[in-house]
Amino acid sequence: MRLPYRNKKVTLWVLFGIIVITMFLFKFTELRPTCLFKVDANTNELASQMVRVEKYLTDDNQRVYSYNREMPLIFIGGVPRSGTTLMRAMLDAHPDVRCGQETRVIPRILQLRSHWLKSEKESLRLQEAGITKEVMNSAIAQFCLEIIAKHGEPAPRLCNKDPLTLKMGSYVIELFPNAKFLFMVRDGRATVHSIISRKVTITGFDLSSYRQCMQKWNHAIEVMHEQCRDIGKDRCMMVYYEQLVLHPEEWMRKILKFLDVPWNDAVLHHEEFINKPNGVPLSKVERSSDQVIKPVNLEALSKWVGQIPGDVVRDMADIAPMLSVLGYDPYANPPDYGKPDAWVQDNTSKLKANRMLWESKAKQVLQMSSEDTDNLNNIINNSNNKDSNNNHYNINKIQPEQQQQQQQQQHLQQQQPQQQHEQQYEQQHEQQQQHQENREEGDGEGEPEREQQLLHQKPKDVITIKQLPLQHSKNGRNSRGGGGAAGGGINNNDKDKNGPMADT
């Protein structure tokens, strides 16, 4: 009888020893469980680790796509009117990438954060309320991620084209550590001429002065260039608009390799996918939508030549030193950007031969269904094919030239009363919007009178940019077939101390 009793006693002691050893291992070794949130005894502050939160989207074919903060997002940045819309349209044509239209939400939420941080009172309020840097970053990242993921169709690679996001590029990389930037760079003279001629209202830019606008461009591009340099070449690639237009295939191959996206010929023919399912959606309010419906061409390269006042041309090197930093010759009028690829030159010739037809499409395409767009594309393609066989071909060849000119004049005369009526309606609508905006912005923080006047005159589509102090600036689809960047340094001694632009 003693033997079973002794065996039970030994068994109990063995179990007790196992429990003690297990508790010791979990308490003092690496086998202990990891706590995602732990309090530092010295600082008594909550230090949270970034937890991977996986979310999912499904497309019309029930394919599932996941998205999270660690995914390799694509951001397209640059000064407005620098080719950012063309870049996103070419990427949107790729079956694995979806950029979509501008939202302007992301740069504004990032700007809102900078306003909070630059105010000592607001910063203290956040600290007292327990809103730490980690809490703030997590909330902003999730907000931005939801906007990027859900404002368009799902895709394996998601992209955002809000150009002014780059002025806070370092912080964006902090939120999304695997993201990459494409920094669109264009000759500042062409950019400023486009801003002035298309009346793109930007806070601080005097659209009546080329000199002042060139100075503002110089400051803006300097800030973004420095941000791109701080992010690093492995995370930010400079893409020159002129080279992208002259040699689209060469540069798109570089870009897709930088983004780790496989090659697809569709990126060279974005105009074939305008407003089609899983294609290139266009916004009815973006200023560049009427331009990207066309194939890659050379029309916009030298439009600025002869339009800039002589005194500004003479002082260009002093007004905009960033031209030289970026590799442009400030004294060249016109500059030699290089020789285009043959098919790009052919695209340009076809556009010139059928200018009226393309202008008509530019006015209609944003209001058409996808089927109507296909029909119009077929008409244009047919006219282009005939034009390639006969350089003197005219799409209205059946009519005598005089009769055609008379019809065009009659058509213009009929359109004039309608255009005047539309202009009057738009002016009344803009005045109502301006009155409402003035009431909403009445509690602003004392901007200069010139900026206020510009704000009162701005149209419906407005890009507003403001300078911040330097001390706060640091703060599936179906397959369609087929299938390094240059930059200069910045002299820190020449850096503008007013900080980056801010979208307000």
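Residues numbered from 1 in each chain as written. Predicted model: local features only at pLDDT ≥ 70, side-chain atom pairs only at ≥ 80, totals over all residues. Heavy atoms only, no water.

A closer look at the confidence of the model for the protein
Okay, so step 1: Scored by pLDDT, the protein comes out at a mean of 76, with 65% of its residues at no less than 70.
Okay, so step 2: Low pLDDT, under 50, characterises residues 369–374; the predicted model gives this stretch six contacts beyond four residues in sequence or across chains.
Okay, so step 3: Taken together, the stretch residues 479–504 has pLDDT below 50 and engages in 94 contacts with residues farther than four places along the chain or on a different chain. (pLDDT = per-residue confidence, 0-100. Contact = heavy atoms within 4.5 Å.)

Considering the pairing of strand 8 (residues 180–185)
Okay, so step 1: When you tally the buried positions in strand 8, you get six out of six residues, the bulk of the element.
Okay, so step 2: Of the two faces of strand 8, the one holding K180, L182 and M184 and the one holding F181, F183 and V185 are both buried throughout.
Okay, so step 3: Relative to strand 9 (residues 236–240), strand 8 runs parallel, the two being bridged by five bridges. Looking across to strand 9, one finds that F181 is bridged to C236. (Buried < 20%, exposed > 50% of the residue type's maximum accessible area, 1.4 Å probe, protein only. Helix = DSSP H or I, 4+ residues; strand = E, 2+ residues; numbered from the N terminus. Pairing = 2+ DSSP bridges.)

What about the sheet that holds strand 7 (residues 157–160)?
Okay, so step 1: Pairing in this open sheet of five strands is parallel, and the strands run 6-7-5-8-9 from one edge to the other. In this open sheet, the two edge strands, each paired with only one partner strand, are strand 6 (97–98) and strand 9.
Okay, so step 2: Sheet topology places strand 5 (residues 74–78) next to strand 7; two bridges connect them, and they run parallel. Residue pairing for strand 7: F75 is matched across the bridge by N160.
Okay, so step 3: Here helix 2 (residues 84–92) sits on the sheet and contacts strand 5, strand 6, strand 7 and strand 8; the angle it forms with strand 5, its principal contact strand, is near 160°. (Axes fitted to C-alpha atoms, helices over the stretch in contact; angles between N-to-C directions.)

Quick word on the pattern of salt bridges
Okay, so step 1: The tally for this structure, following the rule as stated, stands at 15 salt bridges.
Okay, so step 2: A salt bridge links E122 to R125, with the nearest nitrogen and oxygen atoms 3.7 Å apart. Highlighted residues: E122 and R125, both in helix 4 (residues 120–128), separated by three residues, approximately one helical turn.
Okay, so step 3: One network of salt bridges, in which partners are shared, links E102, R104 and K161. (Salt bridge = Lys/Arg side-chain N within 4 Å of Asp/Glu carboxyl O.)

Examining helix 5 (residues 133–150)
Okay, so step 1: Between its first and last C-alpha atoms helix 5 spans 26 Å; for 18 residues at 1.5 Å apiece the expected length is 26 Å, and the two agree.
Okay, so step 2: Burial in helix 5 covers these residues: M136, N137, I140, A141, C144, L145, I148 and A149. (Expected span 1.5 Å × (residues − 1).)

A few points about the pairing of strand 5
Okay, so step 1: Of all five residues making up strand 5, five are buried, and the element is well covered by its neighbours.
Okay, so step 2: Covered by surrounding structure in strand 5 are I74, I76 and G78 together with F75 and G77, the residues of both alternating faces.
Okay, so step 3: Looking at chain direction, strand 5 and strand 8 are connected through five bridges and run parallel. Across the sheet, the residue bridging to G77 is F183, located in strand 8.

Structural notes on the side chain of R69
Okay, so step 1: One can find R69 in the loop between strand 4 (64–67) and strand 5.
Okay, so step 2: No salt bridge is formed by the buried R69, whose closest oppositely charged neighbour, E174, lies at an N-O distance of 7.3 Å.
Okay, so step 3: Only 3.1 Å separates the side chain of R69 from the backbone oxygen of L175, close enough to count as a polar contact. (Lys, Arg positive; Asp, Glu negative; His and termini not counted. Polar contact = N/O pair within 3.5 Å; in protein donor to acceptor, adjacent residues only side chain to side chain.)

Details of the nonpolar core
Okay, so step 1: In terms of nonpolar packing, the biggest core is built from 103 residues, with L91, F176, L182, W217, L244 and M252 touching the most fellow members.
Okay, so step 2: The element best represented in this core is helix 8 (residues 210–231), accounting for nine residues.
Okay, so step 3: If we skip the residues at most four places from it in the chain, W217 touches V79, R186, G188, T191, V192, F205, A320, M322, L323 and L326. (Core = buried A, V, L, I, M, F, W, Y, C linked by side-chain atoms within 4.5 Å.)

A word on the packing of helix 7 (residues 188–197) against helix 8
To describe two helices that pack against each other, one gives the angle between their axes and the distance between the axes.
Okay, so step 1: Contact pair helix 7 / helix 8: the axes reach a minimum separation of 10 Å and the direction vectors enclose 120°. When the interaxial angle is binned, helix 7 and helix 8 end up oblique. When the axes of helix 7 and helix 8 are compared, the crossing they make is right-handed. Where helix 7 approaches helix 8, its residues G188, R189, T191, V192, H193 and I196 are matched on the opposing element by Y210, C213, M214 and W217.
Okay, so step 2: Each residue belonging to the contact of helix 7 with helix 8 can be placed in one class, and the counts come to six nonpolar, three polar and one charged. (Parallel < 35°, antiparallel > 145°, perpendicular 65-115°, else oblique. Left-handed = near helix turned anticlockwise from the far one by under 90°. Nonpolar A, V, L, I, M, F, W, Y, C, P; charged D, E, K, R; others polar.)

A word on the environment of F258
Okay, so step 1: Relative to the assigned elements, F258 resides in helix 10 (residues 248–259).
Okay, so step 2: Among the residues examined, F258 registers a relative accessible area of 14% and is labelled buried.
Okay, so step 3: As a C-alpha pair, F258 and C236 span 22 residues in sequence and 9.2 Å in three-dimensional space.
Okay, so step 4: Beyond its immediate chain neighbours, meaning those up to four positions away, F258 contacts K180, F181, L182, K233, D234, R235, C236 and M237.

A short note on the state of the cysteines
Okay, so step 1: Under the counting rule described, the total for this entry stands at two disulfides.
Okay, so step 2: Across the disulfide from C99 sits C159; the S-S distance is 2.4 Å. Because the torsion about its S-S bond is 90°, the bridge between C99 and C159 counts as right-handed. Taken together, the positions of C99 in the loop between strand 6 and helix 3 (105–118) and C159 in strand 7 put the pair 60 residues apart, joining distant regions of the chain.
Okay, so step 3: What makes C159 buried here is its relative accessible area of 0%.
Okay, so step 4: The disulfide bridge from C228 ends at C236, spanning 2.0 Å between sulfur atoms. Residues C228 and C236 are joined through a disulfide that is left-handed, its torsion about the S-S bond being -110°. Comparing C228 with C236, the two get one shared label, buried.
Okay, so step 5: Numbered in order of appearance, the disulfide-bonded cysteines of the protein are paired 1-2, 3-4. (Disulfide = S-S within 2.5 Å.)

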